[in-house]
Each structure stands twice: as C-alpha cells, then as structure tokens.
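Next come the chains, spelled out residue by residue.
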Amino acid sequence: MTLPPPLLEVADLIVHFPVRHGLLRRRVGTVRAVDGVSFTLGRGETLALVGESGCGKSTTGLALVGLVRPTAGSARLDGASVAVRGGARRALARRMGIVFQDPFSSLNPRQRIEAILRAPLDIHGVGRPRERGAAVAALMARVGLRPDQGRAFPHQFSGGQRQRVGIARALALRPDLVILDEPVSALDVSVQAQILNLLADLQRDFGLAYLMISHDLGVVEHVAHRVAVMYLGRIVELAGRADLFAAPRHPYSELLLAAAPLPDPRRRRRLAPAEGEVASAAAVPAGCAFHPRCPLATARCREGAPPPLAPRADGRLLACHHR
Amino acid sequence: MAAGETLAIVGESGCGKTMTALALMRLLPEGAEVAAGAVRLEGRNLLALSERAVEDLRGSRIAMVFQEPLTALNPVMTVGAQIAEAVARHRGLGRRAAWAAAVEALGRVRMPDPAARARAFPHELSGGMRQRAVIAMALVNRPRVILADEPTTALDVTIQAQILGLVAGLQAELGTALVLITHDLGVVAEVADRVIVMYSGRKVEEAAVVGLFDAPLHPYTRGLMGAVPRGRGGARLADIPGTVPAPAALPAGCAFAPRCPLATARCRAARPPLTAPRPGHLVACWECGP
C-alpha cells in the first residue's frame, strides 16, 4: 500500500519553559514540556495524543497553532515547510483550527455568537463583507445551531451548545486540520455523545484531519485512527488504535490502559496498579523518563539518552529498551 | 445501605446527586433546606438531631470526600495537623497521640513517607497526594459511612486507579459503607455494588450493578449507556437529544419526557412512580415498567 504524503508532518518539536526565580529573574531551571515530538497526520485522519497531566499533549497542540512559542522543531503542512517559529503564522492559522476544552472560558462573554463566528472571516478577509453573514449562518446550521441563536451571548448557551460554537469557529476558515484539545472533557456524557457524533459527521463531510488531545481513553478508542501515547514530553508509543488497545507494548501504555475503568462490571479488574506518580516536567528523570515507575527498568534505562522512538516489526513505533 | 457496601449515585450535571450528599451531611448551602424525608444512620435520624449532635457525627461516624481536595483542606495548616485535629475533636486524644494517629492514617492511604508528608502544607503536595490526605482524614476515625462526591474526577487515570483500589481495600478492612457520587459509568462499573440513577432531582432507576449494565430499563439509563464510548471504532454513539431541564422549570409529568423516545401523553401529564418490574430492580417509567 502506498501512502499519500501526510497532511501534517511534525519533526523534533521542542517546547521548553524557563523557570525564573528571585529579584533578577535568574533562570534556575527548565520545564521540558515537549521534548522532541515527531509525528505525521494524514488527510481525513484522526491522531490522538494521550497521556496524563503534564505529559505535554496540550502544549504540543498549542505550539502547532502558534499559541506557545516552540523552542525548536519544524512542521510541514501539505509538504510545504511552515516555520513553526516566527512569521508565516497567519497562513498556517487559516489551515488549522483549534477547539478548546473549556467552552466557558474560550468564548468572549461580551460578544454575540454571530460576532464570534464572523471574526475569523473578517481577520483573514474571506469573501466579501456582505456575504459573511450568510457564511456565519451556514456555519451555525452545520453544527446544529438555529439561525436566531446568532444573536445570543455565550452565557445563554449550555456547555454543549457553546462547544458547537467553538467547533463552528474552528471551521470558519475551512481548515484541513482541526486540533481538538479535550473537546468533550467538560461535557456530560449524553452531550459528549452529541459532540462526538457531530465531529465524526464533519470529518466525513469535509475530509478533516483531527489531532485529538485527550486523557479519556474511552473517547480516544472511539474516535482515533492512530494513537500516540505521551509521557513527560515525549511520545513513547505510536500505534494503530486497534493494535494499541488490544496489546499496548510500552510499559507506560500498559499501565495507562490498565488503569482506565471499563464500563462493564463483568470485566472488573483489581484496581491497584503501580505505585508512584508522574514526575514533574521540571525535573525529568535521566535516561528513560518512565524508569522510576517501570517494572522492567534496568541500569541501561536509568542513564544516558532516552530510548529513541523506533519502528518495530508490527508497524508501531516504540521507545523502550526492553520491548 | 449495608456495612461495607458501595452505592453509586450517577447522573449528569444538575440531577441533584451532590445536593443529595450535602443534605445527608446537613451541609446544604444557604437558601436550601430539607423539605421532607429522613436520614437514619445506625437508627438515628440525622435530620432531627441538633446541630451540635450532627457535628459530633460528622467526621466520626459519617465522613465526606469532595472532588477538589484543595477546597477541602485548610491551606495554612499542615495536613498532619488537620488530621490530628479531627482525631482530637472526636476521640479526645492528646496532641502527641493525635499526631501519631494522623501519621498512621497517612500511611494507611499509602502516602509515601507519611511522617514527613504530615508536616507538609496542602500546596506542597501533588493532586494525588492531597486526595490521599483527604481520604486519610475521612477514614481516621473509622466512620461507618463515607460520602465521596466525584473523588477521583480531578485526578489522572493511573492515580484514580490507585485511589479507588485503596478505598476498596480500606472498606474491606474496616467495613465502611461508601456512597460514591459520580458521572463516570466506567468508575461505577469498576467499584459499585448497587447503582442509583438520578434525573432532575429524582431516582429514575436503581439496581445491582450487573443488572443495571446488562439490562437497563429506564430510557434515560439506556441513553446514558449508549452514549458511553466503548471503542467500537467510530460507530455512532446513541446520543440523547436535548438537554436536562432547568430545575426551576421542570415539566409537569416525567422530567425526561421531552427527551424520551418512548414518551406518550400520559408521560407528559403524570409523574411515573417507582415500581419493581424485577426483584431488586426499581424504575420510574410508565412505558418500561411491568
């Protein structure tokens, strides 16, 4: 099977934040939020970035849309190099939308819905000004909002309706790629299902690619084509959805999947996996960052460079000395 | 509830599950009051006791664990001092003995290095460690009942698994009953013995956990079960159209009728009573009852 060139290609993305202290704001340390992340994303594909708090999954998404400044790395969209740092941001922004987790804080409370949805069209000069009202109405219809709701303010909407607005805003510029940063985490389960179904319809109709950032493995198993498991700023395993959920191979992927509760009381397991907590990205352990919690760790894992993310015979990418 | 039992109360935002727990603890916010009903703990009606008598029971016979451990902990006291205070208050132990009990309680919840962590302030601990401290405080006087309101919702999934496993172990050891309030059906399936499903302030279904997941009766419960992603790889989720009605504007009959695929004129006119179409399985529905 020959694959078309990927829509998005991210190589060695690094985002470090300086930790400053004292009167002179001296740099006393570094938070290695994203520490060398590479992946590709195909047209119409959903890649999920999963992991626990502080693993760098959200920072990766924010760096791609230019909301945090990457320290190093490159991204190519449709084969053309796009400087992730500095200029050329606006051209990239048109082709990438983002939907945020919190539909309450990501919409300006003082703007009407129609103004929120029109802003990207005005900023990027899309279409003639008098046609933009119709474009906004079409967007609203596409995400399941009534035309008269354009006059409303965000506080008059439920969480699910606000997330529909957030999705419409992300789609306003007809992007090829939408970054979904925990898009249903703040929603009740029945509303979550409405939004996941809407996202599936939009992907099918517009051929959208999704970079789905989520901590919810149930949601990820439902929507993703491929899954990248992140731990302390790095991808430790990248595999097809079915492969990963059937048989995770990185010891951290195993721990994460074993910890996720299953909605089936007949498949109840003993819930008491490994002790220990995720280390801080401000003090990433040497060697493989997972070694303090890993049952397989040996001297090799504790020192030197972290194991590289390398392809395996079964097609997945894995960063582990022992698997 | 029986000793050692785990009862899950599930439902979406605004269904009344948190208010139920606060009412049981006599901790309702300003403006809310118990209009009717009784809460019996070991034969005593908590709602009829004096405030003073309830204070004696809270933290000793019945304890509560909240979703966000930072709001449950005093930021200017070490966690050890807060737990020791609860011990001293209810067991009348001296300072040294109360401190020792606090350190022991932190060890019981497998806090790493409990003697040192007892001297830490809440902000010096990770989210998982804070929730361990809150659970240690809830358990230190060996209550008969713990009310836990979304106790693991703010935690990462591996820490959630540790905390749920820990609580189950302590329940088995101490015979503590647990009321677990959650929106997460995965957590319910993992730990509950019995489940109550709430909608708009009412119990719409109650059953043993396996019975509920195998054969949910109420259309709302069935909708919730269908809405949970189970990794069928992109198959359409059965969403429930619409949203929960505002508590101030409940419909006249069954509150779920406006969203229900089975609703009839009767559902919109009269509220269905709880019936038991199967032994131990209660449901409030005109269309799916016996």
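In this text, all values refer to a predicted model and were calculated from it rather than measured experimentally. (Residues numbered from 1 in each chain as written. Chains lettered and ligands numbered in written order. Predicted model: local features only at pLDDT ≥ 70, side-chain atom pairs only at ≥ 80, totals over all residues. Heavy atoms only, no water.)

## Section: the domain arrangement of chain B
Residue and element names in this part refer to chain B.
Inference 1: Under the domain assignment, chain B is made up of domain 1 (6-192) and domain 2 (196-229 + 247-283).
Inference 2: Between the C-alpha centres of domain 1 and domain 2 there is a distance of 29 Å.
Inference 3: Each partner contributes to the interface: domain 1 provides 14 residues, whereas domain 2 provides 14 residues.
Inference 4: A combined buried area of about 1100 Å² lies between domain 1 and domain 2, and 67% of that area is made up of carbon and sulfur atoms.
Inference 5: Three residues stand out in domain 1 for area buried against domain 2, namely Glu12, Cys15 and Leu185, and they jointly supply 44% of the buried area on that side.
Inference 6: In this assembly, domain 1 and domain 2 are joined by 0 salt bridges.
Inference 7: Inspection of the region where domain 1 meets domain 2 yields 5 residue pairs in polar contact (both at pLDDT 80 or more).
Inference 8: Among the secondary structure elements, those contributing two or more residues to the side of domain 1 that touches domain 2 are strand 1 (6-10), helix 1 (17-24) and helix 9 (185-191).
Inference 9: Broken down by element, the residue count for the side of domain 1 that touches domain 2 peaks at 4 residues, all from strand 1.
Inference 10: Considered class by class, the residues forming the side of domain 1 that touches domain 2 number 9 nonpolar, 3 polar and 2 charged. (Domains from an automatic or database assignment. Contact = heavy atoms within 4.5 Å. Buried area = accessible area lost by both parts, 1.4 Å probe. Salt bridge = Lys/Arg side-chain N within 4 Å of Asp/Glu carboxyl O. Polar contact = N/O pair within 3.5 Å; in protein donor to acceptor, adjacent residues only side chain to side chain. Helix = DSSP H or I, 4+ residues; strand = E, 2+ residues; numbered from the N terminus. Nonpolar A, V, L, I, M, F, W, Y, C, P; charged D, E, K, R; others polar.)

## Considering the packing of aromatic side chains
All names here are of chain B.
Inference 1: Considering all chains together, one arrives at 6 aromatic pairs over all chains under this definition.
Inference 2: Ring centres 5.1 Å apart and planes at 85 degrees place the aromatic pair Tyr199 and Phe256 in the edge-to-face group. Placement of Tyr199 in strand 7 (residues 194-199) and of Phe256 in the loop between helix 11 (219-227) and helix 12 (265-269) is noted, with a sequence separation of 57 residues between them.
Inference 3: Given the relative accessible area of 2%, Phe256 is considered buried. (Phe/Tyr/Trp six-rings, centres within 6.5 Å; stacked < 30°, edge-to-face > 60°. Buried < 20%, exposed > 50% of the residue type's maximum accessible area, 1.4 Å probe, protein only.)

## Brief notes about the nonpolar core
Inference 1: Ile167 of chain A together with Val195 of chain B are the most contacted members of the largest nonpolar core, which totals 91 residues.
Inference 2: At 8 residues, the largest contribution of residues to this core is made by helix 6 (residues 189-206) of chain A.
Inference 3: Ignoring any residue separated from it by four or fewer positions in sequence, one finds Val195 of chain B in contact with Leu7, Ala8, Val10, Val188, Glu205, Glu206, Ala207, Val209 and Leu212 of chain B.
Inference 4: One finds Ala86, Ala98, Val140 and Leu174 of chain B within the second-largest nonpolar core, a separate group that totals 41 residues. (Core = buried A, V, L, I, M, F, W, Y, C linked by side-chain atoms within 4.5 Å.)

## A short note on the interface of chain B and chain A
Inference 1: Between chain B and chain A, the contact holds 46 residues from the first and 38 residues from the second.
Inference 2: Carbon and sulfur atoms supply 52% of the area buried between chain B and chain A, which totals about 3600 Å² over both sides.
Inference 3: Counting across the interface, chain B meets chain A through 2 salt bridges.
Inference 4: Among the ionic pairs, Asp201 of chain A bridges to Arg236 of chain B, the shortest N-O distance being 3.0 Å.
Inference 5: One can count 16 residue pairs in polar contact (both at pLDDT 80 or more) joining chain B with chain A.
Inference 6: At the level of elements, helix 7 (127-139), helix 8 (157-174), helix 9, helix 10 (209-214) and helix 11 of chain B are the ones that each hand at least two residues to the side of chain B that touches chain A.
Inference 7: Among the elements that line the side of chain B that touches chain A, the one with the most residues is helix 8 of chain B, at 8 residues.
Inference 8: Taken together, the residues of the side of chain B that touches chain A break down into 22 nonpolar, 13 polar and 11 charged.

## Points about the sheet that holds strand 10 (residues 281-283) of chain B
All names here are of chain B.
Inference 1: Within the open sheet, the 8 strands sit side by side as 4-5-6-1-7-8-10-9. Their pairing is mixed. A single partner strand is all that each edge strand has here, and the edge strands are strand 4 (62-65) and strand 9 (275-278). Across the sheet, the mean angle separating the axes of adjacent strands is 20 degrees when strand polarity is ignored.
Inference 2: Sitting on the sheet, helix 11 touches strand 7 and strand 8 (202-208), and the angle it makes with strand 7 is about 105 degrees. (Pairing = 2+ DSSP bridges. Axes fitted to C-alpha atoms, helices over the stretch in contact; angles between N-to-C directions.)

## Focus: unusual backbone geometry
Residue and element names in this part refer to chain B.
Inference 1: Of note in the backbone geometry, Arg26 takes a positive phi value of approximately 55 degrees without being a glycine.
Inference 2: Relative to the elements of secondary structure, Arg26 occurs in the loop between helix 1 and strand 2 (40-41).
Inference 3: The partly exposed category is assigned to Arg26, whose relative accessible area is 24%.
Inference 4: With a phi close to 50 degrees, Arg142 is a non-glycine residue in the positive phi region.
Inference 5: In this fold, Arg142 is placed in the loop between helix 7 and strand 5 (145-149).

## Comments concerning helix 5 (residues 159-171) of chain A
Residues and elements named next belong to chain A.
Inference 1: A rise of 1.5 Å per residue sets the reference length of helix 5, with its 13 residues, at 18 Å; its end C-alpha atoms lie 19 Å apart and thus fit the reference within 8%.
Inference 2: Counting buried residues in helix 5 gives 11 out of 13 residues, a clear majority hidden from the surface.
Inference 3: Among all positions in helix 5, only Gly159, Gly160, Arg162, Gln163, Arg164, Val165, Gly166, Ile167, Ala168, Ala170 and Leu171 are buried.
Inference 4: Structurally, helix 5 contributes buried residues whose contacts are with strand 6 (96-99), helix 3 (113-123), helix 4 (132-142), strand 7 (177-181) and helix 6. (Expected span 1.5 Å × (residues − 1).)

## Describing the sheet that holds strand 11 (residues 310-311) of chain A
Residue and element names in this part refer to chain A.
Inference 1: The mixed open sheet is built from 8 strands, whose spatial order is 6-7-8-3-9-10-12-11. Strands with a single pairing partner mark the edges of an open sheet, and in this sheet they are strand 6 and strand 11.
Inference 2: Bridge analysis of strand 6 against strand 7 gives 4 bridges, and the strand direction is parallel. Bridge pairing in strand 7 links Gly97 to Val178.
Inference 3: Along the sheet, helix 5 contacts strand 6 and strand 7; its crossing angle with strand 6, the most-contacted strand, is approximately 170 degrees.

## Quick look at the side chain of Glu237 of chain A
All names here are of chain A.
Inference 1: Structurally, Glu237 is set in strand 10 (residues 234-240).
Inference 2: With relative accessibility at 0%, the residue Glu237 sits in the buried group.
Inference 3: A polar atom in the side chain of Glu237 sits 2.7 Å from the side chain of Arg316.
Inference 4: Residues in contact with Glu237, not counting those within four places in the same chain, are Val227, Ala228, Val229, Leu244, Pro248, Arg249, His250, Ser253, Leu309, Arg316, Leu317 and Leu318.

## Section: the side chain of Gln82 of chain B
All names here are of chain B.
Inference 1: Tracing the backbone through its elements, the reader meets Gln82 in helix 4 (residues 79-91).
Inference 2: For Gln82, a relative accessible area of 6% corresponds to the buried category.
Inference 3: Only 2.8 Å separates the side chain of Gln82 from the backbone nitrogen of Asn74, close enough to count as a polar contact.
Inference 4: A distance of 3.0 Å separates a polar atom in the side chain of Gln82 from the backbone oxygen of Met77.
Inference 5: Setting aside residues no more than four positions away along its own chain, Gln82 makes contact with Leu73, Asn74, Met77, Pro122 and Met137.

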